[in-house]
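Analysis of the macromolecular model
Here's the letter readout for the chains.
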Amino acid sequence: MMKYYRLFDLLTRRGMKKTDLLDIISAPTIAKLSKGESVTTDVLCKVCDFLGCQPGDIMEYEK
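Being a predicted model, the structure only gives us computed values, none of them experimental.

The next subject is the side chain of Thr-29. Relative to the elements of secondary structure, Thr-29 occurs in helix 2 (residues 27–35). Once you skip the residues sitting within four places of it in the chain, Thr-29 turns out to touch Val-39 and Val-43.

Written out as structure tokens, the structure is:
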């Protein structure tokens, strides 16, 4: 299972909110990230490009 708490921690450290991601992804996709549900790699690429980070900076795998 993927956990995306790192994404939301990163947003907080940068003084941003989840709604700032609406420029690049939809509200339902943000909800999926909040719930730890599956998203496409395209979404992850968009988020990483927007934030200038690597996938490991925004997610973590947990059994």
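Turning our attention to the environment of Cys-48. Along the chain, Cys-48 falls in helix 3 (residues 41–51). For Cys-48, a relative accessible area of 9% corresponds to the buried category. Not counting chain neighbours up to four residues away, the residues in contact with Cys-48 comprise Cys-53, Gln-54, Pro-55 and Ile-58.

Calculation criteria
- Residues numbered from 1 in each chain as written.
- Predicted model: local features only at pLDDT ≥ 70, side-chain atom pairs only at ≥ 80, totals over all residues.
- Heavy atoms only, no water.
- Helix = DSSP H or I, 4+ residues; strand = E, 2+ residues; numbered from the N terminus.
- Contact = heavy atoms within 4.5 Å.
- Buried < 20%, exposed > 50% of the residue type's maximum accessible area, 1.4 Å probe, protein only.

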